[in-house]
Amino acid sequence: MSILITKDTRVVVQGITGSVGSFQTGEMIKFGTNIAGGVTPGKGGTVIHGVPVFNSVKEAMEGVQPDASVIFVPPGFAADAIFEAADAGIGLLVCITEGMPVHDMMRVYAYLDKTSTRLIGPNCPGITSPGESKIGIMPNPIHSHGNVGIVSRSGTLTYEIIDILSKNGIGQSTSVGIGGDPVIGTSFVDILEMFENDPGTDIVVLVGEIGGSAEEDSIGFIKEMSKPVIGYIVGVSAPPGKTMGHAGAIVSTGSGTALDKIAAFQNAGIVVAKSPADIVAQVNNNLLKVD
Amino acid sequence: MSILITKDTRVVVQGITGSVGSFQTGEMIKFGTNIAGGVTPGKGGTVIHGVPVFNSVKEAMEGVQPDASVIFVPPGFAADAIFEAADAGIGLLVCITEGMPVHDMMRVYAYLDKTSTRLIGPNCPGITSPGESKIGIMPNPIHSHGNVGIVSRSGTLTYEIIDILSKNGIGQSTSVGIGGDPVIGTSFVDILEMFENDPGTDIVVLVGEIGGSAEEDSIGFIKEMSKPVIGYIVGVSAPPGKTMGHAGAIVSTGSGTALDKIAAFQNAGIVVAKSPADIVAQVNNNLLKVD
Amino acid sequence: MKLYESEAKEIFSGYGIPIPKGAVFDNPETAEEFAVKPGKYVIKAQVLAGGRGKAGGVRIAQNPAEVKQFSQIILGMSIKGNTVRKVLVEEYRKPEKEMYLGITIDRNSRSPVIIASPEGGVDIEETARKTAYKIHREHINPLTGVHLYQSRALAAILDRENAGVISKIIQKLYSLFVEKDCTLAEINPLAVTDDGVFALDAKMVIDDNALFRQDFRQEISGSPEAEARKHGMSYVGLEGNIGCIVNGAGLAMAVLDMVKHYGGEPANFMDVRAGANAEQVRTAMGIVLSNKNVKAIVVDIFGGITKCDEVARGIVDVIAGIGVPLVARLTGTNEAEGRAILEEHGIIMASTTEEAAKAVVGLVHTYN
Amino acid sequence: MKLYESEAKEIFSGYGIPIPKGAVFDNPETAEEFAVKPGKYVIKAQVLAGGRGKAGGVRIAQNPAEVKQFSQIILGMSIKGNTVRKVLVEEYRKPEKEMYLGITIDRNSRSPVIIASPEGGVDIEETARKTAYKIHREHINPLTGVHLYQSRALAAILDRENAGVISKIIQKLYSLFVEKDCTLAEINPLAVTDDGVFALDAKMVIDDNALFRQDFRQEISGSPEAEARKHGMSYVGLEGNIGCIVNGAGLAMAVLDMVKHYGGEPANFMDVRAGANAEQVRTAMGIVLSNKNVKAIVVDIFGGITKCDEVARGIVDVIAGIGVPLVARLTGTNEAEGRAILEEHGIIMASTTEEAAKAVVGLVHTYN
């Protein structure tokens, strides 16, 4: 089993004719994703990767009834793409776009908050459920199917962890990158709750980093969970006031440090791994208990 | 019984120290309304009509836990007063203010649409439940308790109808003025639904007028109702394109005429009274059936 | 409040919506001075009434010389009772395609709605009736404003080739619609010309309730409507001969309807609002009587905040000089005192709205 | 991006937030010419670093003559490594009361938050820690903006006597916070003076992600941070001596942490982003090596879109000249090809991030 997506999830790609959108659409199709169509204003009526292109999400909705949309548009147009998809009634949005202005994202969040649309991202690698579907940009070869759920604020680091787990024979139910921006659509807790309710997930790896308090905010829920959660939090070496690559990875005025987060997890009795390799060890430890 | 308000409804008055707010507060208290306090920025700590004045609705909320608020502030400040009351968590707002810009009201409506706050008005006389409570400005002496529900877009015309009903021995469960503006918080259907579910109401009088299609939009619901509804619609003499006193009372481009509305009601088999006196006759007719 | 085309175009221009080069003139000589460049010009009467074109208020000058000539003809012309005091003279832009673009308020959805049709330049109601599928409507969430995806989709419907520039025009029109508190902002036609896309006409109606925070010209006073507004009352002139003075818009409409029901014809709608005092009643009487068709007056007051004795005092103050019969119906606050005052002066009284309406219609028939 | 105080104040002034009369100068002579009116002046170093005051970068001139003298002292001064190239000279306003007003983004509520304290002019973090009850926070719905009731309530907390004008300042500060895409807009102190309320200091931080739609000065290039940004990469200088080149911010932080874990000290954070090619890797090496403290380099690439052979080619192109040892770990897309290229050039390879970190720390200890 998996969370958020399955084989049957019908996906449209917003920005399908752009270079990244087009390349990643091909990769998703190779992975087995049910790509139903794409959207690029002005390119309606054309075909790419064997799927129809529409001028608007509304037209795509009428034409191919998608359940989800993945967004590959430039940062200045990302908010509009999200509004368009939400207004068209798409239930799951995955915004890959990096560099979206935070004011745009605050408006988007306030708007979506009152709708039934779920947004993953922005600035995220998306969602992968091995054997089911992939919405996003995680490299195809690293995944293997299993019972570990992964939720992360990071991209490459997530691939690293998925890869090392797979290489060590540990498969994943679903891997979710929730995004590295300060304001994102879906939080750790939202995803943890889905993993908790997913019969296909037995253990969860949570990958956090400096900035904000998303990790601390998830502790209360983790303590209520029936499934073990392994934490891994990076950015111990980050100096205050500097953005570490991700717009959201910044220690402001002494809060949001990695050490504070690690301490908070440990004080709550949550295992914190020291490295990707240590994640493997901790997962194995816990899987023994689960079995 | 009554809808919306009872003896126990605790009311704050926004704009309590203004001349209209103060006068009407006195009238409400005389009627038996449970006035818990008032709000006027900068006048916090004072007392008027024996109730405490607060600087903000939030302070009033903490101080006297109101269930409802009635708004007597100038048109330019009405939207802000509504936002303030809604944000403070008050469940029922009655906005008396006439002359609120329609753009303000559209923003208010879009905002409230996602909350549990109900707004009656603006540009309305409010709500009166004889024997229970009154929130608004309907004259005290005209009401009498009974089983007729009244819902109206009008002010004085509503008083006239209430008065003539009372003088003819027909009491009211609740009388609601929903307001004469083109964009209002609560529609005919909302109130009709409450009357339908109110065991204290046996028959409903709906007072409509030219402009918009609120009357036509309620026909579907009226036909489903178990209780008889008497319609009364004014503005047969209104020329197109002219605002007849109420900002919402305007026949635009041939739509929203009184004759169209009356015809729509009659075609749907809904009784339309010809005058306030005729309302009395029609109500009596139907009350015979009810009994 | 309606704006003149020239006023609306000035605002459009400030928002970057392309309009033809032009200026407003109140005499033919200065109009001629403006038209120096060779080429065609349009001369348009600046009146608030519709149907200018049919009335001859819009002319195309083939050359600058004709500008003076046509301005002379149009200035002073009367269009639906409005004397033309100003003309807008514009460089002529030949429309290759005429489209419709308007934003108004949709009462049902309680939100702004953008209306667009690739067929403009004509009566949009007509298009809506005959070929409804050519009219496109897009509702806008007032909290987020118009999204790019919305203006882009509408622009593509209007004219795919010029969709980029039209999408921007839609964004700008929406901005001014909100910022200027419009209830209508309309471009008909929005035209594709060989020189680009232009708003060839412009219509703006401002929410009267928002005038307090907008900076528009003062309404020309003198009309009974303006006079009433100045005193916080609401007046609408009608075709009949029975003057009506009522407190409350709904009750006022009910009175009019009943006058009509009994075979009379109301001369006006007049809502003196809540809390009217003697002074306001006197003013209202003056405004109603400024219509020389008035043959009788009905006053119907439901006293709540309004006190019947105050109203009665206002009536008796002027009754001697009005020269037409009057029926009064006062009920509610201080009813007895009011009735006593009227009785003293021998004024005809009714006890219900229906009685009052019936009585005043009878008076007109008797006296005429 | 941080703005200089003088830049922020210019924007404040454009929004109608009162600031003392002043101007910016890069030499003492023109500063002297500005200060003609008798009275006191403030001379403030324009640097982006905090703690100007303690460093002597803010002086009060008792008279115009002192303006030149203090400008001379401050210009050229070094504050936390930043040379002062400009001073802001302002007419002095004596603060009778110093308040704090700031707007920032609250990540938890995902909305703007206005922070206000009647005790400003000091370190607000300090106030927040010691007397939290003196700090007031008001969350703003980004779809509606700041309501009057909110600015009014905050203003009354700051200074009841001047609540009207402060409420307007809050509204204006919120407008610029949104319109200029700020992540921080701060006035500390907001001062009551005998001449009214003034923003005596001004701080603005602009969302880097929104610079594309804002019209701000170009960043002074030359710094390794700016250089990296120019090439679409992300660099942060640190105190240590191990240069780090990684693709992906999370992985880069993980590498840094592991270097530290094994007893090393990273010299930098460097995210070359996804899809980095040989050229970008060469540029990244140049930027990392511009820090003369670097004693060894670790490269850690997880190939997805990024191809390991491209990265390897970038490394071998420059490896000869770098003068410090390098450990590389490449995995993912074209891993075999990449490793083959590195092997050919005898570059030390690791197969996991941990191995790479351990190895590079070992190298530093060996070579030093």
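Residues numbered from 1 in each chain as written. Chains lettered and ligands numbered in written order. Predicted model: local features only at pLDDT ≥ 70, side-chain atom pairs only at ≥ 80, totals over all residues. Heavy atoms only, no water.

**Here we look at the overall build of chain A**
Tallying secondary structure elements over chain A gives nine helices and 14 strands in all. In summary, chain A has a C-alpha radius of gyration of 18 Å against a globular reference of 19 Å for 291 residues, a match within 12%. Principal-axis analysis of the C-alpha atoms gives chain A an extent of 55 × 45 × 30 Å. Evaluated residue by residue, chain A yields a buried proportion of 65% over its 291 residues. The long-range fraction of contacts in chain A, counting pairs at least 24 apart against all pairs at least 6 apart in sequence, stands at 73%. (Helix = DSSP H or I, 4+ residues; strand = E, 2+ residues; numbered from the N terminus. Rg over C-alpha atoms; globule rule 2.2 N^0.38 Å. Buried < 20%, exposed > 50% of the residue type's maximum accessible area, 1.4 Å probe, protein only. Contact = heavy atoms within 4.5 Å.)

**Some details on the overall build of chain C**
Across its full length, chain C holds 12 helices and 18 strands. Taken along its principal axes, the extent of the C-alpha atoms in chain C is 75 × 50 × 40 Å. Sorting the 368 residues of chain C into buried and exposed places 52% on the buried side. A sequence separation of at least 24 residues applies to 67% of the contacts in chain C between residues at least 6 apart.

**Things to note about a positive patch on the surface**
A cluster of like positive charges, contributed by Lys242 of chain A together with Lys2, Lys54, Lys80 and Lys203 of chain D, occupies part of the molecular surface. Residue class for Lys80 of chain D comes out exposed when judged on its relative accessible area of 65%. (Patch = residues over 30% accessible without salt bridge, like charges linked within 9 Å, V, L, I, M, F, W, Y side chains within 5 Å. Areas by Shrake-Rupley, 256 points an atom, 1.4 Å probe, with all protein chains shown as cover. Salt bridge = Lys/Arg side-chain N within 4 Å of Asp/Glu carboxyl O. Lys, Arg positive; Asp, Glu negative; His and termini not counted. Charge placed at Lys NZ, Arg CZ, Asp CG, Glu CD.)

**A word on the sheet that holds strand S2 (residues 34-39) of chain B**
All names here are of chain B. Spatially, the seven strands line up as an open sheet ordered S3-S4-S2-S1-S5-S6-S7, and their pairing is mixed. With one partner strand each, in any of the chains shown, strand S3 (47-48) and strand S7 (118-120) form the two edges of the open sheet. Here three bridges tie strand S6 (residues 92-95) to S7, and the two strands are oriented parallel to one another. Residue Leu93 lies in a different strand from S7, and its bridge partner there is Leu119. Together, strand S1 (10-14), S2 and strand S4 (51-54) form the strand contacts of helix H2 (residues 57-64), whose direction differs from that of S4 by roughly 145°. (Pairing = 2+ DSSP bridges. Axes fitted to C-alpha atoms, helices over the stretch in contact; angles between N-to-C directions.)

**Observations regarding empty space enclosed by the protein**
Scanning the entire structure with this criterion turns up two cavities of 30 Å³ or more. Here the largest cavity defines a volume of roughly 40 Å³. Taken together, Glu160, Ile164, Pro276 and Ala277 of chain A together with Thr352, Thr353 and Glu354 of chain D make up the lining of the largest cavity. Every element with two or more residues in the lining of the largest cavity is listed here: helix H5 (156-167) and helix H9 (276-290) of chain A together with helix H12 (353-367) of chain D. Across the lining of the largest cavity, the residue classes tally to three nonpolar, two polar and two charged. Approximately 30 Å³ is the volume found for the second largest cavity. As for the second largest cavity, its lining consists of His103, Met106 and Arg107 of chain A together with Pro112, Pro142, Tyr174 and Val178 of chain D. Counting only elements with at least two residues in the lining of the second largest cavity, the list comes to helix H4 (102-112) of chain A together with helix H6 (163-179) of chain D. Per-element tally for the lining of the second largest cavity: the top contributor is H4 of chain A, with three residues. Each residue belonging to the lining of the second largest cavity can be placed in one class, and the counts come to five nonpolar, one polar and one charged. (1 Å grid on protein atoms, 1.4 Å probe; cavity = no way out; pocket = protein on both sides within 12 Å on 5 of 7 lines; lining within 4 Å. Points joined across faces, edges and corners; volume = space filled by probe spheres on them. Nonpolar A, V, L, I, M, F, W, Y, C, P; charged D, E, K, R; others polar.)

**Concerning the packing of helix H7 (residues 214-224) of chain B against helix H8 (residues 258-267) of chain B**
All names here are of chain B. Orientation of H7 relative to H8, taken along the N-to-C sense of each, is 5°, at an axis distance of 9 Å. Judged by the angle between their axes, H7 and H8 are roughly parallel. Residues Ala214, Glu215, Glu216, Ser218, Ile219 and Ile222 of H7 form the contact with H8, whose participating residues are Lys261, Ala264 and Phe265. Across the contact of H7 with H8, the residue classes tally to five nonpolar, one polar and three charged. (Parallel < 35°, antiparallel > 145°, perpendicular 65-115°, else oblique.)

**Here's the deal with the interface of chain D and chain A**
Contact residues are listed per partner, giving 47 residues for chain D and 58 residues for chain A. Contact with chain A buries area across many residues of chain D, yet Arg107, Arg110 and Phe302 of chain D alone supply 21% of it, more than any other trio. Linking chain D to chain A there are three salt bridges. Of the charged contacts in the structure, one is a salt bridge between Arg213 of chain D and Asp104 of chain A, with a shortest N-O distance of 2.7 Å. On inspection of chain D and its partner chain A, the count reaches 19 residue pairs in polar contact (both at pLDDT 80 or more). When residues of the side of chain D that touches chain A are traced back to their parent elements, those giving at least two are strand S8 (111-117), H6, strand S10 (182-193), strand S13 (234-237), helix H8 (249-261), strand S15 (268-271), strand S17 (326-332) and H12 of chain D. It is H8 of chain D that provides the largest number of residues to the side of chain D that touches chain A, a total of 10 residues. For the side of chain D that touches chain A, the per-class residue count stands at 21 nonpolar, 13 polar and 13 charged. (Buried area = accessible area lost by both parts, 1.4 Å probe. Polar contact = N/O pair within 3.5 Å; in protein donor to acceptor, adjacent residues only side chain to side chain.)

**Details of the interface of chain D and chain B**
Chain D puts seven residues into the contact, and the matching count from chain B is nine residues. By the criterion of area lost to chain B, the three top residues of chain D are His147, Tyr149 and Arg152 of chain D, representing 58% of everything that side buries. Taken together, the connections running from chain D to chain B amount to two salt bridges. Across the pair Arg152 of chain D and Glu84 of chain B runs a salt bridge whose closest N-O atoms are separated by 3.7 Å. At the junction of chain D and chain B, the tally comes to three residue pairs in polar contact (both at pLDDT 80 or more).

**Some words on helix H10 (residues 308-319) of chain D**
Residues and elements named next belong to chain D. The terminal C-alpha atoms of H10, which comprises 12 residues, lie 16 Å apart, in line with the 16 Å expected from a rise of 1.5 Å per residue. The set of residues buried in H10 consists of Cys308, Asp309, Val311, Ala312, Gly314, Ile315 and Val316. Contacts made by the buried residues of H10 are with helix H9 (278-289), strand S16 (296-303), S17 and helix H11 (335-344). (Expected span 1.5 Å × (residues − 1).)

**Here we look at the domain arrangement of chain A**
When the parts come together, some accessible area is lost, and that loss is often what is quoted as the size of the interface. Residue and element names in this part refer to chain A. Each domain of chain A was delimited in the assignment, giving domain 1 (1-124) and domain 2 (138-291). Computed from C-alpha coordinates alone, the two centres of domain 1 and domain 2 are separated by 25 Å. Contact with domain 1, which involves 20 residues of that partner, is made by 26 residues of domain 2. In total, domain 1 and domain 2 occlude about 1700 Å² of area from one another, counting both sides; carbon and sulfur atoms represent 58% of this. Three residues, Met1, Ile3 and Asn123, lead the burial of domain 1 against domain 2; their summed loss comes to 35% of the area buried on that side. (Domains from an automatic or database assignment.)

**Quick word on the domain arrangement of chain C**
As far as domains go, chain C holds domain 1 (21-91), domain 2 (97-209) and domain 3 (228-367). For domain 1 of chain C and domain 2 of chain C, the distance between their C-alpha centres works out to 26 Å.

**Some points on the pairing of strand S9 (residues 133-136) of chain B**
Residues and elements named next belong to chain B. Judged from the four bridges that link them, strand S8 (residues 126-129) and S9 form a sheet pairing that is antiparallel. In the sheet register, Ile127 faces S9, and the bridge partner there is Ile135. The turn linking S8 back onto S9 is made up of three residues, and Gly131 within it adopts a positive phi angle of 85°.

**Structural notes on the sheet that holds strand S1 (residues 10-14) of chain A**
All names here are of chain A. The strand order across the open sheet built from seven strands is S3-S4-S2-S1-S5-S6-S7, with neighbouring strands paired in mixed fashion. The open sheet has two edge strands, strand S3 (47-48) and strand S7 (118-120), and neither has a second partner. Sheet strands touched by helix H3 (residues 75-87): S1, strand S5 (68-71), strand S6 (92-95) and S7. Its angle to S6, the strand with the most contacts, is close to 170°.

**Side note on the environment of Val53 of chain A**
All names here are of chain A. Locating Val53 in the fold gives a position in strand S4 (residues 51-54). For Val53 and Ile219, which are 166 residues apart along the polypeptide, the C-alpha to C-alpha distance reads 43 Å. If we skip the residues at most four places from it in the chain, Val53 touches Ile16, Thr17, Gly38, Val39, Thr40, Lys43, Gly44, Gly45, Thr46, Val47 and Ile48.

**A closer look at the packing of aromatic side chains**
For any pair of aromatic rings, geometry is given as the distance between the ring centres together with the angle between the planes. Residue and element names in this part refer to chain C. The tally for this structure, following the rule as stated, stands at 10 aromatic pairs over all chains. For the pair Phe25 and Phe34, a centre-to-centre distance of 5.5 Å together with 45° between the ring planes defines the contact as tilted. Residue Phe25 is classed as buried on the basis of its relative accessible area, which comes to 10%. (Phe/Tyr/Trp six-rings, centres within 6.5 Å; stacked < 30°, edge-to-face > 60°.)

**Brief notes about unusual backbone geometry**
Following Gly121 of chain A, the chain continues to Pro122 of chain A via a peptide bond in cis, the omega torsion being 5°. Structurally, the position occupied by Pro122 of chain A is in the loop between S7 and strand S8 (126-129). At Asp181 of chain C, a position not held by glycine, the phi torsion is positive, near 55°. Residue placement: Asp181 of chain C occurs in the loop between helix H6 (163-179) and strand S10 (182-193). Within the chain, Arg110 of chain D stands out as a residue other than glycine whose phi angle is a positive 55°. Secondary-structure assignment places Arg110 of chain D in the loop between strand S7 (95-106) and S8. On the basis of relative accessible area, Arg110 of chain D is assigned to the buried category, the value being 14%.

**As for the side chain of Ser175 of chain A**
Residues and elements named next belong to chain A. Of note, Ser175 is situated in strand S11 (residues 172-177). Ser175 gets classed as buried once you look at its relative accessible area, which sits at 0%. If we skip the residues at most four places from it in the chain, Ser175 touches Gly126, Ile127, Thr128, Met138, Ile150 and Ile162.

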